[in-house]
Each structure stands twice: as C-alpha cells, then as structure tokens.
Amino acid sequence: MFKELFTDDSDRGVSPVIGVILMVAITVILAAVIGAFVLGLGDQVSNNAPQASFSFEFDTDKQNVTVTHTGGDNIQNSALNITAGAGNSTGFSDETVATGSSAKTNYTADATVRVVWTNPSGGSSNILAERQAPQ
C-alpha cells in the first residue's frame, strides 16, 4: 500500500515536457546572442569613412589653396577638416559638403594639404584626399 502511494504513474509525462521547455529556452537565448552580434556588426559598417573626391587648386602668389568636393558621398561639415601645414587648417562653410562645395585656406611651402574626415562617433579619422603643395 505504501509502495503504491510513492509510485504514481502520472509523473511520466513531466520529463518530456521539461526537455521541450529547455530546448525552447536554449533556442531563444541562442537567437538573442546571434541577433546582438549581427546588430553590433551593423554599427561597425556604418562607421566606415565616406567615399568622396576632392580637387585642389593652388594659388602660389597668395599661398592659398581652394579645395572643392568633386563627387561622391555628401558629408557633414562638422566631420571634415582641411589641414595645410603648420597651424593652417579650416573647414567647409556649407553645413553639408556636397558636390561643388569648396573651402579656401593658406598653406606653407612644401606642406601636404589633407582633407581629413573624423568619425562623428569618435575614435577614428581618415584622410579622404591629399596633395603636396608647391614650393
């Protein structure tokens, strides 16, 4: 009689149910981890430097250079800087630098004039274009 009390056959279905619940939980956790990884990669892709072309026109008499955006991606003004030797740097006046936008700055002889893009998210910068200034 005591033996029948502790050996109830109604517990037999519990083991498969627990197994299914555990498998579903593992699948949900795995999907969340993979989703977080994929979304993290998407953020990194968007931080790549823009693709743009720039032309340089040097006025050797006045020692200034005009840098013009000639094609490619539109870029926020705050992310661009033009450097042209010791202490000579400037930005574009347009809020969004698009094809036809230009900026002028002085340069020092033999300086390398660079258009530098700084990642708005921080951490990196890239030289989009550069030219050697005439002597």
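Some points on the overall build of the protein chain
Move 1: A count of helices and strands for the protein chain gives two helices and nine strands.
Move 2: Sequence-distant contacts, at least 24 apart, represent 50% of the contacts inside the protein chain between residues at least 6 apart.
Move 3: Carbon and sulfur atoms provide 56% of the accessible area of the protein chain, an area that totals close to 9,200 Å².

Structural notes on the pairing of strand β8 (residues 112-118)
Move 1: In this sheet, β8 lies alongside strand β4 (residues 80-83) in antiparallel orientation, the contact comprising four bridges. Of the residues in β8, the one forming a bridge with T83 is R114.
Move 2: Relative to strand β9 (residues 125-132), β8 runs antiparallel, the two sharing seven bridges. Among the inter-strand pairings, V115 is bridged to a residue of β9, identified as A129.

A closer look at the packing of aromatic side chains
Move 1: Under the defined criterion, the tally for this structure stands at two aromatic pairs.
Move 2: The interplanar angle of 40 degrees and the centroid separation of 6.1 Å between the aromatic rings of F54 and F92 together place this pair among those described as tilted. On the criterion of sequence distance, the pair formed by F54 in strand β1 (residues 52-59) and F92 in the loop between β5 (89-90) and β6 (96-97) is long-range, its members being 38 residues apart.
Move 3: Judged by its relative accessible area of 4%, F92 falls in the buried class.

A few points about the confidence of the model for the protein chain
Move 1: In the predicted model, the protein chain carries a mean pLDDT of 81, and 84% of its residues have values of at least 70.
Move 2: The secondary structure element of the protein chain with the lowest average pLDDT is helix α1 (residues 2-6), at 57, and the one with the highest is β1, at 91.

Brief notes about the pattern of salt bridges
Move 1: Applying the stated criterion across every chain yields a total of one salt bridge.
Move 2: R114 is the salt-bridge partner of E130, the closest N and O atoms lying 2.9 Å from each other. In this pair, E130 sits in strand β9 while R114 sits in strand β8, placing the two residues 16 residues apart along the sequence.
Move 3: Given the relative accessible area of 29%, R114 is considered partly exposed.

A short note on the pairing of strand β7 (residues 102-106)
The side chains of a regular strand alternate between the sheet's two faces.
Move 1: Here β7 shows a buried face lined by A103 and T105 and an unburied face lined by S102, K104 and N106.
Move 2: Where strand β2 (residues 64-72) and β7 come together, five bridges link them in antiparallel fashion. Within the sheet, the bridge partner assigned to T66 lies in β7 and is K104.

What about the sheet that holds β9?
Move 1: Spatially, the four strands line up as an open sheet ordered β5-β4-β8-β9, and their pairing is antiparallel. One side of each edge strand has no neighbouring strand; the edge strands of this open sheet are β5 and β9.

Quick notes on the sheet that holds β1
Move 1: Pairing in this open sheet of three strands is antiparallel, and the strands run β1-β2-β7 from one edge to the other. The two strands at the open ends of the sheet, each matched to only one other strand, are β1 and β7. Geometrically, the sheet is characterised by an average inter-axis angle of 25 degrees between neighbouring strands, direction not taken into account.
Move 2: Relative to β2, β1 is paired through eight bridges, and the arrangement is antiparallel. In the sheet register, F56 faces β2, and the bridge partner there is V67.

Rules used in this analysis
- For every chain, the first residue of its written sequence is number 1, and the numbers climb from 1 along that sequence.
- Owing to the predicted nature of the model, reporting of local features is limited to residues with pLDDT of at least 70; listing and counting of side-chain atom pairs is limited to 80 or more, with chain, interface and lining totals taken over all residues.
- With hydrogens and water stripped out, all remaining heavy atoms of the structure feed into the side-chain values.
- Numbering goes from the N terminus for both helices and strands, where a helix is a DSSP run of H or I of at least four residues and a strand is a run of E of at least two.
- Any two residues whose heavy atoms approach within 4.5 Å at even a single point are treated as in contact.
- All accessible-area figures derive from a Shrake-Rupley calculation using a 1.4 Å probe, and residue coverage is judged against the displayed protein chains alone.
- What makes two strands pair is DSSP finding at least two bridges between them.
- Any two rings among Phe, Tyr and Trp, with Trp reduced to its six-membered ring, count as a pair given centres within 6.5 Å; such a pair is stacked if its planes are under 30 degrees apart, edge-to-face if over 60, and tilted if neither.
- A 1.4 Å probe rolled over the protein chains alone gives each residue an accessible area, and that area as a share of the maximum for its type sets the label: buried under 20%, exposed over 50%, partly exposed in between.
- The pLDDT value tells you how sure the predictor is about a given residue, anywhere from 0 up to 100.
- Here a salt bridge means any side-chain nitrogen of Lys or Arg lying within 4 Å of a carboxyl oxygen belonging to Asp or Glu.
- Under this scheme, a helix contributes an axis fitted over its contacting stretch, all axes are lines through C-alpha atoms, and angles between N-to-C directions fall in the 0 to 180 degree range.

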